[in-house]
Amino acid sequence: MRHILVVGIGTGNPEHLTVQAINALNRADVLFVPTKGRKKVDLAEVRRDIIARYVTNPASRTVEFALPVRQVEGRSYVGGVDEWHAAIAETYVRLFLEELPEDGTAGLLVWGDPMLYDSTLRILERVRATGKVAFDTEVIPGITSIQALCASHRIPLNLVGKPVEITTGRRLHESFPHRSETAVVMLDGEQAFTKVTDPDAMIYWGAYLGSPDEVILSGRAVECAGEIARRRAEEREKHGWIMDIYLMQKGADFDDE
Ligand SMILES: C[S@@+](CC[C@H](N)C(=O)[O-])C[C@H]1O[C@@H](n2cnc3c(N)ncnc32)[C@H](O)[C@@H]1O
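Residues numbered from 1 in each chain as written. Predicted model: local features only at pLDDT ≥ 70, side-chain atom pairs only at ≥ 80, totals over all residues. Heavy atoms only, no water.

- Identification of the protein chain as Precorrin-6A synthase [deacetylating] from Gellertiella hungarica is taken from an unreviewed UniProt entry.
- Under the UniProt heading Pathway (unreviewed entry), the entry covering the protein chain gives this text: "Cofactor biosynthesis; adenosylcobalamin biosynthesis." (UniProt positions renumbered as here; feature names shortened; annotations may be inferred.)

Below, the structure is given as structure tokens:
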């Protein structure tokens, strides 16, 4: 049976790799590295660096492949994502059948951790459901962008005894600050933080976390949203893409005692 290792690689710093992840990469006969698009090209470079640094298994080979790009034109959000996942599943079917012997082990190097806003695991279930290729999976956890953000700002994620909500820019207005006093926002293409008007809300923002290009800014959201939006636009222009995340917080430890 083919064996697929789904390996969390952290968020841009090769030193995020755990010992478990390094050992898993060295167990793989084939390592699959996605490319395509300027962002993917830069992120492929991080994956190549990780492989060059840590993989000492002489029998290991790397296969680079073009990951299908999500189409948005004329599609609903959900419809577009569903179609995109189906296209990636077809790509995996082909790769597993063509590049991996029946008793072989492959490694998929997943950004951050595979359980957080990443669809590799659900796409693998789609691949299995096609019935075209049989395999089992093993998941190796990685450092997430949430951990990288809190570490860079030197802050705890939660207020004492209080919950945290993880959401997207599109849905921030549903949760913060009325439902959750702490919200982590990922995948925000619309700079939802600029719409937060609560004068007590704090923001802790970071882009390219873990990489040499890392930028962090923090402060009272109403006061520094403009500066963050400006810096974000500048960085995006410079690199051709951006990955950023932020934590919005209101309230304080022990203020509900
Ligand atoms: C598709 S999700 C992948 C998340 C990933 N699995 C993780 O564990 O962090 C991509 C989003 O994660 C966040 N992200 C990932 N890496 C990041 C980084 N190095 N710096 C800032 N944000 C990052 C951004 O919000 C980005 O839009």
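Further notes follow.
Focus on the pairing of strand β7 (residues 182-186)
Piece 1. A large share of β7 lies buried, amounting to five of its five residues.
Piece 2. Because side chains alternate across β7, one face comprises the buried residues T182, V184 and M186, and the other comprises A183 and V185, equally buried.
Piece 3. As paired elements, strand β6 (residues 165-168) and β7 share four bridges and run parallel to each other. Its bridge partner lying in β7, E165 is registered against A183.
Piece 4. Relative to strand β10 (residues 244-249), β7 runs antiparallel, the two sharing four bridges. Within β10, the residue paired with V184 across the bridge is L247. (Buried < 20%, exposed > 50% of the residue type's maximum accessible area, 1.4 Å probe, protein only. Helix = DSSP H or I, 4+ residues; strand = E, 2+ residues; numbered from the N terminus. Pairing = 2+ DSSP bridges.)

With respect to the sheet that holds strand β9 (residues 215-220)
Piece 1. With respect to topology, five strands assemble into an open sheet ordered β6-β7-β10-β8-β9, the strand pairing being mixed. Of all strands in the sheet, those bounded by a partner on one side alone are β6 and β9. When strand polarity is set aside, the average angle formed by the axes of neighbouring strands in this sheet is 15 degrees. (Axes fitted to C-alpha atoms, helices over the stretch in contact; angles between N-to-C directions.)

Description of unusual backbone geometry
Piece 1. Cis rather than trans, the peptide bond between F176 and P177 has omega equal to 0 degrees.
Piece 2. Although it is not a glycine, L187 sits at a positive phi angle of roughly 50 degrees.
Piece 3. Relative to the helices and strands, L187 resides in the loop between β7 and β8 (202-207).
Piece 4. Here F254, not a glycine, exhibits a phi torsion of approximately 65 degrees, which is positive.

Looking at the sheet that holds strand β1 (residues 2-8)
Strand pairing in a sheet relies on backbone hydrogen bonds. The paired strands run either parallel or antiparallel.
Piece 1. An order of β3-β2-β4-β1-β5 is seen for the five strands of this open sheet, with the pairing classed as parallel. Each edge of the sheet is formed by a strand with only one pairing partner; in this case those strands are β3 (61-66) and β5 (135-140). The average undirected angle you get between the axes of adjacent strands in this sheet is 25 degrees.
Piece 2. Here six bridges tie β1 to strand β4 (residues 105-110), and the two strands are oriented parallel to one another. Each residue of the ladder has a partner; that of V7, found in β4, is L109.
Piece 3. In the packing of helix α3 (residues 77-99) onto the sheet, the strands contacted are β1, β2 (30-35), β3, β4 and β5, and the crossing angle to β3 comes to about 150 degrees. (Contact = heavy atoms within 4.5 Å.)

Side note on the pairing of β2
Piece 1. For β2, the buried fraction is high: six of the six residues fall into the buried class.
Piece 2. Inspection of the sheet shows β2 paired to β3 by six bridges, in the parallel sense. By the bridge assignment, T35 is partnered in β3 with A66.
Piece 3. Across three bridges, the pairing between β2 and β4 is parallel. Within β4, the position partnered with F32 by the bridge is L108.

Details of the site of the ligand
Piece 1. With respect to spatial proximity, 16 residues lie near the ligand, and among them W111, D113, L116, S145 and D244 are the closest.
Piece 2. At a separation of 3.1 Å, an oxygen atom of the ligand approaches a polar backbone atom of L187.
Piece 3. D244 places a main-chain nitrogen or oxygen 2.6 Å from an oxygen atom of the ligand.
Piece 4. Notes on the ligand: free accessible area 570 Å², of which the protein chains cover 91%.
Piece 5. Its residues placed into classes, the shell around the ligand shows nine nonpolar, five polar and two charged. (Near = heavy atom within 4 Å. Polar contact = N/O pair within 3.5 Å; in protein donor to acceptor, adjacent residues only side chain to side chain. Areas by Shrake-Rupley, 256 points an atom, 1.4 Å probe, with all protein chains shown as cover. Nonpolar A, V, L, I, M, F, W, Y, C, P; charged D, E, K, R; others polar.)

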